[in-house]
Amino acid sequence: QQPVQSPQAVILREGEDAVINCSSSKALYSVHWYRQKHGEAPIFLMILLKGGEQKGHDKISASFNEKKQQSSLYLTASQLSYSGTYFCGTEGVQGAQKLVFGQGTRLTINP
Amino acid sequence: GAGVSQTPSNKVTEKGKYVELRCDPISGHTALYWYRQSLGQGPEFLIYFQGTGAADDSGLPNDRFFAVRPEGSVSTLKIQRTERGDSAVYLCASSRSPSYEQYFGPGTRLTVT
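Residues numbered from 1 in each chain as written. Chains lettered and ligands numbered in written order. Predicted model: local features only at pLDDT ≥ 70, side-chain atom pairs only at ≥ 80, totals over all residues. Heavy atoms only, no water.

Visitor: Can you help me understand the overall build of chain B in this one?
Guide: The helix and strand tally for chain B stands at zero helices and eleven strands. When the helices and strands of chain B are placed in sequence order, the string is β-β-β-β-β-β-β-β-β-β-β. By the compact-globule yardstick of 13 Å for 113 residues, chain B fits well, its C-alpha radius of gyration being 13 Å. Each of the three principal axes of chain B carries a C-alpha extent, and together these read 35 × 25 × 25 Å. Long-range contacts, defined here as pairs at least 24 residues apart, represent 53% of the contacts in chain B between residues at least 6 apart. Computed over 12 positive and 11 negative side-chain charges, the inter-centroid distance for chain B is 6 Å. (Helix = DSSP H or I, 4+ residues; strand = E, 2+ residues; numbered from the N terminus. Rg over C-alpha atoms; globule rule 2.2 N^0.38 Å. Contact = heavy atoms within 4.5 Å. Lys, Arg positive; Asp, Glu negative; His and termini not counted. Charge placed at Lys NZ, Arg CZ, Asp CG, Glu CD.)

Visitor: Would you mind going over the state of the cysteines with me for this structure?
Guide: What makes a disulfide is a covalent bond joining the sulfur atoms belonging to two cysteines. Enumeration over the complete set of coordinates arrives at two disulfides over all chains. The residue that forms a disulfide with cysteine 22 of chain A is cysteine 88 of chain A, at a sulfur-sulfur distance of 2.0 Å. Judged by the sign of its S-S torsion, about 75°, the bond between cysteine 22 of chain A and cysteine 88 of chain A is right-handed. Residue cysteine 22 of chain A is located in strand E3 (residues 18-23), and its partner cysteine 88 of chain A is located in strand E9 (residues 84-91); the two are separated by 66 residues in the primary sequence. For cysteine 22 of chain A, a relative accessible area of 2% puts it in the buried group. What makes cysteine 88 of chain A buried here is its relative accessible area of 0%. The partner cysteine of cysteine 23 of chain B in its disulfide is cysteine 92 of chain B, sulfur to sulfur 1.8 Å. The sign of the S-S torsion, about -65°, decides the handedness of the disulfide formed by cysteine 23 of chain B and cysteine 92 of chain B: left-handed. Here cysteine 23 of chain B, found in strand E3 (residues 19-24), pairs with cysteine 92 of chain B, found in strand E9 (residues 88-95); they are 69 residues apart in sequence, far enough to count as distant. (Disulfide = S-S within 2.5 Å. Buried < 20%, exposed > 50% of the residue type's maximum accessible area, 1.4 Å probe, protein only.)

Visitor: Quick question: what am I supposed to make of the interface of chain A and chain B here?
Guide: Many descriptions give the size of an interface as the accessible area lost when the pieces come together. Each partner contributes residues to the interface: chain A has 18 residues there, and chain B has 20 residues. Between chain A and chain B, the buried area comes to about 1500 Å², and carbon and sulfur atoms account for 57% of it. Where chain A touches chain B, the interface holds zero salt bridges. Where the side of chain A that touches chain B is concerned, the elements lending two or more residues are strand E4 (30-36), strand E5 (43-49) and E9 of chain A. When residues in the side of chain A that touches chain B are grouped by element, the largest group, three residues, is from E4 of chain A. When its residues are assigned to classes, the side of chain A that touches chain B shows ten nonpolar, six polar and two charged. (Buried area = accessible area lost by both parts, 1.4 Å probe. Salt bridge = Lys/Arg side-chain N within 4 Å of Asp/Glu carboxyl O. Nonpolar A, V, L, I, M, F, W, Y, C, P; charged D, E, K, R; others polar.)

Visitor: Mind showing me how you'd approach the side chain of histidine 29 of chain B here?
Guide: Residue and element names in this part refer to chain B. Summarising the element assignment, histidine 29 is placed in the loop between E3 and strand E4 (31-37). A polar contact of 3.3 Å, which involves the side chain of histidine 29, links it to the backbone nitrogen of serine 95. Each residue touching histidine 29, except ones within four places of it in the same chain, is listed here: Arg69, Ser94, Ser95, Arg96 and Tyr103. (Polar contact = N/O pair within 3.5 Å; in protein donor to acceptor, adjacent residues only side chain to side chain.)

Visitor: Is there a simple way to explain the nonpolar core in this structure?
Guide: Side chains that are nonpolar tend, in soluble globular proteins, to be buried together. The biggest cluster of nonpolar side chains holds 21 residues, and the ones touching the most others in it are Trp33, Leu73, Leu75, Tyr82, Tyr86 and Leu107 of chain A. Put simply, the parts of the chain that give this core at least two residues each are strand E2 (9-13), E3, E4, E5, strand E7 (60-65), strand E8 (70-75), E9 and strand E11 (105-110) of chain A. In this structure, leucine 107 of chain A is in contact with Val10, Leu12, Ala18, Leu75, Tyr82, Ser83, Gly84 and Tyr86 of chain A, ignoring residues within four places of it in sequence. In terms of nonpolar packing, the next biggest core, distinct from the first, is built from 20 residues, Val19, Ala67, Cys92 and Val112 of chain B among them. (Core = buried A, V, L, I, M, F, W, Y, C linked by side-chain atoms within 4.5 Å.)

Visitor: Sorry if this is basic, but what is going on with the pairing of E8 of chain A here?
Guide: Walk down a regular strand and you will see the side chains alternate between the two sheet faces. Residue and element names in this part refer to chain A. Sheet topology places E3 next to E8; six bridges connect them, and they run antiparallel. When the sheet's bridge partners are listed, alanine 18 is paired in E8 with leucine 75. Both E7 and E8 contribute to a ladder of six bridges, which runs antiparallel. Bridge pairing links asparagine 65 to glutamine 70 in E8. Connecting E7 to the next strand, E8, in antiparallel fashion are four residues, including glutamine 69 with a positive phi near 55°. (Pairing = 2+ DSSP bridges.)

Visitor: What exactly am I supposed to notice about the pairing of strand E11 (residues 108-112) of chain B here?
Guide: Residue and element names in this part refer to chain B. Burial along E11 is one-sided: Thr108, Leu110 and Val112 are buried, and none of Arg109 and Thr111, which face the opposite way, are. Sheet topology places strand E2 (residues 10-13) next to E11; four bridges connect them, and they run parallel. Among the inter-strand pairings, lysine 11 is bridged to a residue of E11, identified as leucine 110.

Structural measurements only, silent on function.
Given below as structure tokens:
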């Protein structure tokens, strides 16, 4: 079952904040976040394991609510380099290995 | 170190032809994944290798698709009797261990005419 991401697209000015959500109808073991720029490979951002942890580095952080089967990615004081399409990939069971990706959220940062 | 590499970067083939796509994972990564990405969509899982064996091939769309990883490193995705619907970017990813972060290659853009 493909996770649902929201919003589908967002346009910000440099310095503004953004939140991208990822929801699943199934129980999740882990959530992986990636950013992909046009014509390039997806770049790994972070992985969250069940347990409701929150992670972050620099101005990008994420949370994982195991009970709600949801994860959110937080982009603070966005930079032009944050532009791209963000995907969440979910792993339903520990050891399942394969990731099921959402449809993506296109983020555009304008000067 | 070097990242995941894929060759060719672009492949144009005629309907009905056979193609091979190659993936060279990060050295030492035991897990290797193939995904397919259509325009405007997220990557779609095809197959996962742990070492030399295909641990999960549930994403392969039909028996025209096959993948191998004979020595536990380089992998080849093989598509027989290609169809126009096979056109997509085929992505390979590797990770040092299952359930760890996956690092993607640049992909092979396959166009079936």
